[in-house]
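Below, each chain spelled out in residue letters.
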Amino acid sequence: EDTSFESLALTHSRTWQFGTTRYDEPTSAVTDASGNIYVTVNSRPSSGSGIEDAYLYKYDSSGTFLQKVSPLSCCDFNYHLMSGVTKRANGPVYVTGLFNRDKDYMYIAKTIADGSLRLIEKFSEAVDSDGHPTLLRPYAIIASSPFEVLLLFSRSSYPYETRRVYLMQYSVTYQRVWWETYMG
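In short, a report on the structure. As the structure is a computational prediction, the values presented were derived from the model and not from experiment. (Residues numbered from 1 in each chain as written. Predicted model: local features only at pLDDT ≥ 70, side-chain atom pairs only at ≥ 80, totals over all residues. Heavy atoms only, no water.)

### A closer look at the pattern of salt bridges
Cut-off, in case you're wondering: The salt bridge criterion pairs a side-chain nitrogen of Lys or Arg with a carboxyl oxygen of Asp or Glu, the two atoms within 4 Å. Per the convention used, a helix needs a DSSP run of H or I reaching at least four residues, while a strand needs a run of E reaching at least two, with both numbered from the N terminus. Only protein chains enter the accessibility calculation, which uses a 1.4 Å probe. A residue is then buried if its area is under 20% of the maximum for its type, exposed if over 50%, and partly exposed in between.
All chains considered together, the criterion is met by one salt bridge. The salt bridge involving Arg-137 is made with Asp-104; its shortest N-O contact spans 3.1 Å. Here Arg-137, found in strand β9 (residues 135–145), pairs with Asp-104, found in strand β7 (residues 104–111); they are 33 residues apart in sequence, far enough to count as distant. According to the relative accessible area criterion, Arg-137 is partly exposed, its value standing at 24%. Taking relative accessible area as the criterion, Asp-104 reaches 8% and is therefore assigned buried.

Below, the structure is given as structure tokens:
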């Protein structure tokens, strides 16, 4: 039996710390044509309250902090999580994630001129005849062209043993163009 351990020497030119001094979990990152870095971070307060917020951080190409975008102001929620970020060329930053008010909502949002996030659309979990929710979980958002973004997410139904993955296309007018089962 081979019990050898191979170590990899990784070289890097720079390391940055993102987030706060609280419990932070980075979930996605993207760069733009100017080299700016956008990072989504889910943050839990050190008080242990369990209420999470999500933030979008922007850094320049040398790692200098430029901006912190606070959680969605549209919704009074129990928690807010971001799971994906993308940047369209010469356009806004888009994020996807979950927020919870009375149930989980998957959403797509974008940055606007004042730097805040504007909700484009939210999707609530459906409930089956026995009262079990259909779980929606966003994974990634992709700027696929100057006129659209793609949202990769999963949907699972009770007893939650199967999960179907979907790819949803949004046009520049922020309307759903089609839903497509990506894999079953």
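After that view, the rundown keeps rolling.
### Focus on the packing of aromatic side chains
The condition that has to hold: Side-chain rings of Phe, Tyr and Trp (the six-membered ring for Trp) are treated as a pair once their centres are within 6.5 Å; stacked means planes under 30 degrees apart, edge-to-face means over 60, and tilted covers the remaining angles. Geometrically, a lysine NZ or arginine CZ counts as sitting over a ring once it is within 6 Å of the ring centre and also within 35 degrees of the ring normal.
Overall, the coordinates contain seven aromatic pairs when judged by the stated rule. Between Tyr-55 and Tyr-57 the ring centres are 6.4 Å apart and the planes differ by 55°, which places this aromatic pair in the tilted class. The same class applies to Tyr-55 as to Tyr-57, namely buried. Where Phe-99 meets Tyr-107, the ring centres are 6.0 Å apart and the plane angle is 40°; that geometry is what we call tilted. Among the aromatic residues, ring-to-ring pairing joins Tyr-55, Tyr-57, Tyr-59 and Phe-65 into one connected group. Across from the ring centre of Tyr-55, 4.1 Å away, lies the NZ or CZ of Lys-68, which sits over that ring.

### What to know about the sheet that holds strand β3 (residues 53–59)
For the record, the criterion: One bridge is not enough; two strands pair if DSSP finds at least two bridges between them. Only the stretch in contact is used when fitting a helix axis, every axis being a line fitted to C-alpha atoms; angles between N-to-C directions are given from 0 to 180 degrees.
The four strands lie next to each other as β1-β2-β3-β4, forming an open sheet whose pairing is antiparallel. Edge strands, defined here as strands with exactly one partner in the open sheet, are β1 (23–31) and β4 (65–69). Between one strand and the next, the sheet's axes are offset by a mean angle of 25°, whatever the strand orientation. Relative to β4, β3 is paired through four bridges, and the arrangement is antiparallel. Counted as the bridge partner of Leu-56 is Val-69 from β4.

By themselves these figures say nothing about function.
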